[in-house]
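As a plain string of letters, each chain reads:
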Amino acid sequence: GNMVEWCLPQDIDLEGVEFKSMASGSHKIQSDFIYFRKGVCFGLACFANMPVESELERGARMKSVGILSPSYTLLYRYMHFLENQVRHQLEMPGHYSHLEAFYDDKKGVLPDSKGTPNSQQPVHWLPSIHRYMYPEMKITHPAGCMSQFIKFFGEQILVLWKFALLRKRILIFSPPPVGVVCYRVYCCCCLANVSLPGLGGTVPESKPFFYVNVADIEILETEVSYVACTTEKIFEEKRDLYDVYVDNQNVKTHHEHLQPLLKINSADKEKYRRLNDQRQMLMYSQEVGEDCSSCEEDLFILFFMEQNNRIFQTLMEVSASQDKTLTADHARGMGLDPQGDRSFLMDLLEVYGIDVMLVIDNPCCT
């Protein structure tokens, strides 16, 4: 099995980290990177696999070098260092001087293992619109993280958007390499960005767990809302652990009342068309050199944040009105389909505890 070979500080609790930092099935690939969660900390590890002439090592030497931090937002900055170090550890096992120097340079006081999310920094995925407030995460794919996400899921991102906004437990399955799948976890969390003050004090926090394996089952059993990815097919059978299961591009749920949310309706198609139009305009403006400051990540995050803000602004206005009645016109004004999004709206009102009455039962309202 996996084992922790070396760490600093030596008294830190790393139970299970040897399985989080090396995805199940990694022996089939040459290299990978992996984001994971350990208690209240986040980790990034780089994995590499090198053939060796050794019976003891069964012809292959596999290692991961990783770091832990209370926040995942800046971990990507050390990706290059970790990639170099894992290669160094494969070729010269047992030489840790570079890692020691890195630790001495970067070390900070980690929260104790009993620390609660409340004692941590503000929730990263509910930022203000200020562009420097949300997580930076660059992908090795040259087209960028969000672009790859949109191309991979297509219109299905509108289905994921609804589940993310409803704070469902979303589990993404994919065989290794898992690095790019960790970015899908991050993108899913970005779909639920809301920047309206005073919203959702009682709403469960949506946590990016990144990579999980069977050792995380006990923790996942207690979570009411999360987004995670795994390379272990066994999770599909453990239906009590998730609400939404994503296998490559196939999004599914075993909950009957969530089934209607899997259908792409006319309002979803319109949103997807608008998103693509904005992307095309951005690409054109970059080509003609008008605007180099905007990037696709900004556009993607702002697109969904504005959409979410519009929905919640309308719902809060209606709940503060005299008759508290939400009509088909309100639904259209929020960019939703009065009929196709009816069950989504009902779930939204329940999850966020918004007191309004839905009167869009009649098909003549469409």
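Residues numbered from 1 in each chain as written. Predicted model: local features only at pLDDT ≥ 70, side-chain atom pairs only at ≥ 80, totals over all residues. Heavy atoms only, no water.

*Asks:* I tried to follow the overall build of the chain on my own but got confused; where do I start?
*Replies:* Across its full length, the chain carries eleven helices and ten strands. Sorting the 366 residues of the chain into buried and exposed places 51% on the buried side. The contacts of the chain with a sequence gap of at least 6 include a subset with a gap of at least 24, amounting to 66%. With the model as given, the accessible surface of the chain reaches about 17900 Å², and the carbon-plus-sulfur share is 52%. (Helix = DSSP H or I, 4+ residues; strand = E, 2+ residues; numbered from the N terminus. Buried < 20%, exposed > 50% of the residue type's maximum accessible area, 1.4 Å probe, protein only. Contact = heavy atoms within 4.5 Å. Areas by Shrake-Rupley, 256 points an atom, 1.4 Å probe, with all protein chains shown as cover.)

*Asks:* Which parts of the structure should I look at to understand the pattern of salt bridges?
*Replies:* Here the idea is simple: oppositely charged side chains can pair when their charged atoms come close. For the coordinates displayed, the defined rule picks out 16 salt bridges. Here Lys252 and Glu236 are joined by a salt bridge, their closest N and O atoms 2.8 Å apart. Of this pair, Lys252 sits in strand 8 (residues 250-253) while Glu236 sits in the loop between strand 6 (226-230) and strand 7 (244-247), and the two are 16 residues apart along the sequence. Accessibility expressed as a relative area gives 29% for Lys252, which makes it partly exposed. Among the residues examined, Glu236 registers a relative accessible area of 23% and is labelled partly exposed. Among the salt bridges present, the one from Arg332 reaches Asp329, with a minimum N-O distance of 3.8 Å. Taken together, the positions of Arg332 and Asp329, both in helix 10 (residues 328-333) and three residues apart, correspond to about one turn of that helix. Put simply, Lys233, Glu236, Asp247 and Lys252 are held in one network by salt bridges that share partners. (Salt bridge = Lys/Arg side-chain N within 4 Å of Asp/Glu carboxyl O.)

*Asks:* How should I be thinking about the environment of Gln85 in this particular structure?
*Replies:* Examined against the element boundaries, Gln85 turns out to sit in helix 2 (residues 79-91). For Gln85, a relative accessible area of 5% gives the class buried. In this structure the C-alpha to C-alpha distance between Gln85 and Val65, which are 20 residues apart in sequence, comes to 6.8 Å. Setting aside anything within four residues of it in sequence, one finds Gln85 in contact with Val65, His98 and Leu99.

*Asks:* What is the right way to read the packing of helix 6 (residues 179-190) against helix 9 (residues 296-320) from this model?
*Replies:* When two helices pack together, their arrangement is given by the angle between their axes and by how far apart the axes lie. Two numbers describe how helix 6 lies on helix 9: the axes approach to 9 Å, and their chain directions differ by 40 degrees. One element, helix 6, and the other, helix 9, form an angle in the oblique class. For the pair helix 6 and helix 9, contact is made by Tyr186, Cys187 and Cys190 and by Glu297, Phe300, Ile301 and Phe304, respectively. Taken together, the residues of the contact of helix 6 with helix 9 sort by class into six nonpolar, no polar and one charged. (Axes fitted to C-alpha atoms, helices over the stretch in contact; angles between N-to-C directions. Parallel < 35°, antiparallel > 145°, perpendicular 65-115°, else oblique. Nonpolar A, V, L, I, M, F, W, Y, C, P; charged D, E, K, R; others polar.)

*Asks:* Explain unusual backbone geometry to me, please; I cannot follow it from the model alone.
*Replies:* That bond from Leu8 to Pro9 is cis: its omega, -10 degrees, falls within 30 degrees of zero. Along the chain, Pro9 turns up in the segment before helix 1 (17-20). Cis geometry marks the peptide bond from Pro176 to Pro177, where omega comes out at 5 degrees. For Pro177, the location among the structural elements is in the loop between strand 4 (169-173) and helix 6.

*Asks:* Just checking my understanding: could you explain the pairing of strand 8 for this structure?
*Replies:* Each regular strand shows side chains that alternate between the opposite faces of the sheet. Burial along strand 8 is one-sided: Val251 and Thr253 are buried, while Asn250 and Lys252, pointing the other way, are not. In this structure, strand 7 lies alongside strand 8, joined through four bridges in antiparallel fashion. Bridging from a neighbouring strand, Asp247 pairs with Asn250 of strand 8. The turn joining strand 7 and strand 8, which pair antiparallel and follow one another in sequence, is formed by two residues; a positive phi near 55 degrees is taken by Asn248. (Pairing = 2+ DSSP bridges.)

*Asks:* Help me understand the packing of aromatic side chains, please; the structure alone is not making it clear to me.
*Replies:* Two descriptors summarise a pair of aromatic rings, namely the distance from one centre to the other and the angle between the planes of the rings. Under the defined criterion, the tally for this structure stands at 20 aromatic pairs. An angle of 15 degrees between the planes, with centres 4.3 Å apart, marks the rings of Phe81 and Phe102 as stacked. With a gap of 21 residues between them, Phe81 in helix 2 and Phe102 in helix 3 (residues 97-106) connect regions that are remote in the sequence. Judged by centre distance (5.2 Å) and plane angle (65 degrees), the ring pair of Phe149 and Phe153 falls under edge-to-face. Of this pair, Phe149 and Phe153 both sit in helix 4 (residues 145-153), four residues apart, which is roughly one turn of that helix. Assessed through its relative accessible area of 0%, Phe149 is described here as buried. Connected via pairs of aromatic rings, a cluster forms that spans Phe149, Phe152, Phe153, Trp161, Phe300, Phe303, Phe304 and Phe344. The ring of Phe152 carries the charged tip of Arg184 above its face, separated from the ring centre by 3.7 Å. The positively charged end of Lys233 is found above the aromatic ring belonging to Phe173, 4.5 Å away from the centroid. (Phe/Tyr/Trp six-rings, centres within 6.5 Å; stacked < 30°, edge-to-face > 60°. Lys NZ or Arg CZ within 6 Å of the ring centre and 35° of its normal.)

*Asks:* Just checking my understanding: could you explain helix 4 for this structure?
*Replies:* Given 3.6 residues to a turn, an α-helix orients residues that are three or four positions apart in the same direction. For helix 4, a buried count of eight out of nine residues is recorded, marking the element as mostly surrounded by other parts of the structure. Those residues of helix 4 that sit buried are Cys145, Met146, Ser147, Gln148, Phe149, Ile150, Phe152 and Phe153. The inward-facing, buried residues of helix 4 contact helix 5 (156-165), helix 6, strand 7, helix 8 (266-287) and helix 9. Looking one or two residues past helix 4, Gly154 carries a phi angle of roughly 55 degrees, positive in sign.

*Asks:* Is there a simple way to explain the packing of helix 5 against helix 11 (residues 342-352) in this structure?
*Replies:* Two numbers describe how helix 5 lies on helix 11: the axes approach to 10 Å, and their chain directions differ by 25 degrees. Judged by the angle between their axes, helix 5 and helix 11 are roughly parallel. Each of Trp161, Lys162 and Leu165 in helix 5 lies in contact with helix 11, whose residues at this interface are Phe344, Leu348 and Tyr352. In terms of residue class, the contact of helix 5 with helix 11 is built from five nonpolar, no polar and one charged.

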